[in-house]
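Per-entry structural report
Chain by chain, the residues run as shown.
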Amino acid sequence: MREIETIYGELLEAFAQRAGFTPEEGCDLSVRLWAAAAQLQALDIQADWVLDQSFPQTAQGVYLDRHGQMRGLTRQPASKAVGTLRFSVEMAPVSDITIPAGTVCMTAGEVRFQTLQTVVLAAGTLTADAPAEALEGGADGNAAPGTVRILTACPLAVTGCTNPAAFYGGADAEGDEAFRARILESYQRLPNGANAAWYEQTAMGVSGVAAARAVGRARGIGTVDVYVAAESGLPSEALLTALTAELQAKREIAVDVQVKAPTVRAVDVTVAVAKKEGWTFDGVKAAAEQSITTFFTGRLLGRPVRLAELGSRLYALEGVENYRFSAPAADLAADDTVLPVLGTLTVREMEA
């Protein structure tokens, strides 16, 4: 980008060639030329910006969305993490306690979760479980087990809450770089109405689908199996039904298309983490659990699980000085029909 001084010098030189003299610095004419130089620099900046927005390789924000629309692609919205909240009492009640849908609990970091249906803590029992989701979409809703412990507005008799398992499936709205990669891939794998790219892109256009893989000749010539995953993992029956109807309406003639849920493969993760000086291990452990839990979403369908990728996420955490995996022992290879999910997660402090 040319500096204003450079443009101003070029204007002075051009004026001198045509007028036969150079304006004195500080005179009215030189001030006008300086103002013109500033406007020309602004036009240069605007022209460069317009050029960047003209190509998917450099466009940003809403302009990248428009490139996606030209390819039939839309940015994936933020999704909410889902899981289970367990409510407890100190002494078994003599009568049932109703815990209504919409009851809210939260973590120490003030990430809030609400129950999705009314449950009853039965008389003579100490706990009751309710399906729940994060109040807001985003990766912040992925909570490690035991971190949702603050009651906000519960029945008076209820004294505690927790999440016995992790909340998972929360994801931020698709960022520019991830969306850009999908747009550029659509040029490299041109859909023609009959190839795998067409089936996958059509599936990704259905709301709720986080990843899709098409397998041709899965059951013989003229058959296609389309495996899909939701952000939280396995797709619901409603999502499979909706996608089946979409593909049946658009498929080519004489092709047998089936939409399927992928096979789940649990990945147990055990890692020792060394904290940096000035950090507590509890804080580092919570951050490590959050980072690894966030990695395992439905977008992993058909992708490998690499130790290097998990390690890079840990090493990027502010309080982590070093790490060492003892499980998994090796990378998990990619398989279009397999969705890797987080099994048992164990984070230990690395011995000195």
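Relevant structure appears above.
To start, this report covers the structure provided alongside it. (Residues numbered from 1 in each chain as written. Predicted model: local features only at pLDDT ≥ 70, side-chain atom pairs only at ≥ 80, totals over all residues. Heavy atoms only, no water.)

1. Things to note about the overall build of the chain
Counting its regular elements, the chain contains 8 helices and 14 strands. Rg of the C-alpha trace for the chain: 28 Å, well past the compact-globule value of 20 Å for 352 residues, more than 25% over. Once the C-alpha set of the chain is aligned to its principal axes, its extents read approximately 100 × 65 × 45 Å. Put simply, the chain has 352 residues, and 39% of those count as buried. Within the chain, counting contacts between residues at least 6 apart in sequence, those at least 24 apart form 68% of the total. If you sum the accessible surface of the chain, you get close to 18,900 Å²; carbon and sulfur atoms cover 53% of it. (Helix = DSSP H or I, 4+ residues; strand = E, 2+ residues; numbered from the N terminus. Rg over C-alpha atoms; globule rule 2.2 N^0.38 Å. Buried < 20%, exposed > 50% of the residue type's maximum accessible area, 1.4 Å probe, protein only. Contact = heavy atoms within 4.5 Å. Areas by Shrake-Rupley, 256 points an atom, 1.4 Å probe, with all protein chains shown as cover.)

2. Here's the deal with empty space enclosed by the protein
Scanning all chains against the criterion turns up 1 cavity of 30 Å³ or more. By volume, the largest cavity is sized at about 40 Å³. For the lining of the largest cavity, the per-class residue count stands at 2 nonpolar, 4 polar and 1 charged. (1 Å grid on protein atoms, 1.4 Å probe; cavity = no way out; pocket = protein on both sides within 12 Å on 5 of 7 lines; lining within 4 Å. Points joined across faces, edges and corners; volume = space filled by probe spheres on them. Nonpolar A, V, L, I, M, F, W, Y, C, P; charged D, E, K, R; others polar.)

3. Considering the sheet that holds strand 3 (residues 104-107)
In spatial order, the strands read 7-3-4-6-1-8; together these 6 strands make up an open sheet with antiparallel pairing. Only two strands of the sheet have a single neighbouring strand rather than two, namely strand 7 (148-151) and strand 8 (160-162). Taken over all neighbouring pairs, the strand axes of this sheet differ in orientation by 40° on average, direction set aside. Where strand 3 and strand 4 (residues 112-115) come together, 3 bridges link them in antiparallel fashion. In the sheet register, M106 faces strand 4, and the bridge partner there is R112. (Pairing = 2+ DSSP bridges. Axes fitted to C-alpha atoms, helices over the stretch in contact; angles between N-to-C directions.)

4. Remarks on the packing of helix 7 (residues 281-295) against helix 8 (residues 307-315)
Relative placement of two packed helices is described by the angle separating their axes and the distance separating the axes. Viewed as axis vectors pointing N to C, helix 7 and helix 8 meet at an angle of 140°, and their least axial separation amounts to 9 Å. In terms of axis orientation, helix 7 runs oblique to helix 8. The hand of the helix 7/helix 8 crossing is right-handed. Along the contact surface, helix 7 presents A288, S291, I292, T294 and F295, while helix 8 presents E309, L310, R313 and L314. Partitioned by chemical class, the residues of the contact of helix 7 with helix 8 number 5 nonpolar, 2 polar and 2 charged. (Parallel < 35°, antiparallel > 145°, perpendicular 65-115°, else oblique. Left-handed = near helix turned anticlockwise from the far one by under 90°.)

5. Considering the side chain of Q41
Tracing the sequence through the fold places Q41 in helix 2 (residues 28-53). A relative accessible area of 15% means that Q41 is categorised as buried. Those residues in contact with Q41 that sit more than four places away from it in its chain are M1, R2, E3, I4 and I7.

6. Brief notes about the pattern of salt bridges
For the structure on display, the rule yields 16 salt bridges. Linked by salt bridges that have partners in common, R219, D225, D256 and K260 make up one network. (Salt bridge = Lys/Arg side-chain N within 4 Å of Asp/Glu carboxyl O.)

7. Here's the deal with the pairing of strand 11 (residues 256-260)
For a regular strand, side-chain orientation follows a simple rule: the groups alternate between the two sheet faces. Alternating residues of strand 11 divide into V257 and V259, all buried, and D256, Q258 and K260, none buried. Pairing of strand 10 (residues 223-229) with strand 11, which is carried by 5 bridges, proceeds in the parallel orientation. Within strand 11, the position partnered with V224 by the bridge is V257. For the crossover that starts at strand 10, traverses helix 6 (residues 237-250) and ends in the parallel strand 11, the hand is right-handed. (Right-handed = clockwise from strand over helix to strand, strands pointing away.)

8. Looking at the sheet that holds strand 9 (residues 211-216)
If you trace the 3 strands from one edge of the open sheet to the other, you get 9-10-11, paired in mixed fashion. The sheet terminates laterally at strand 9 and strand 11, the two strands that pair on one side only. Strand-to-strand twist across the sheet, computed as the mean angle between neighbouring axes with direction ignored, equals 20°. Alignment of strand 9 against strand 10, held across 6 bridges, turns out to be antiparallel. Bridge pairing in strand 10 links G216 to V224. Set on the sheet, helix 5 (residues 196-204) makes contact with strand 9, strand 10 and strand 11; between it and strand 9 the angle comes to about 150°. Packed onto the sheet, helix 6 meets strand 10 and strand 11 and runs at close to 160° relative to strand 11.

9. Re the nonpolar core
Ranked by size, the top nonpolar core spans 24 residues in total, and within it V269, V271, I292, F296, V305, L314 and V347 carry the most contacts. Among the secondary structure elements, those contributing two or more residues to this core are strand 12 (263-275), helix 7, helix 8, strand 13 (320-327) and strand 14 (338-349). Ranked by residues supplied to this core, first place goes to helix 7 with 5 residues. Excluding residues that lie within four positions of it along the chain, V305 makes contacts with F295, F296, L300, L310, D331, L332 and P340. Membership of the second largest hydrophobic core comes to 20 residues, among which are V89, F113, A132 and V148. (Core = buried A, V, L, I, M, F, W, Y, C linked by side-chain atoms within 4.5 Å.)

10. Here's the deal with the environment of A287
On the secondary structure map, A287 appears in helix 7. It is 22 Å that separates the C-alpha atoms of A287 and L151, two residues lying 136 residues apart in sequence.

11. Things to note about the layout of surface pockets
Approximately 800 Å³ is the volume attributed to the largest pocket. What lines the largest pocket is a set of 33 residues, among which Q76, E174, A210, R299 and R303 lie closest to the centre. Broken down by secondary-structure element, the contributors of at least two residues to the lining of the largest pocket are helix 4 (176-188), helix 5, strand 9, helix 7 and helix 8. For the lining of the largest pocket, the leading source of residues is helix 4, giving 5 residues. Considering only residue class, the lining of the largest pocket consists of 14 nonpolar, 7 polar and 12 charged. Considered as a void within the structure, the second largest pocket measures approximately 420 Å³ in volume. In terms of residue count, the dominant contributor to the lining of the second largest pocket is strand 14 (5 residues). Here the residues of the lining of the second largest pocket are counted per class, giving 12 nonpolar, 8 polar and 1 charged.

That's the geometry; what it means functionally is another story.
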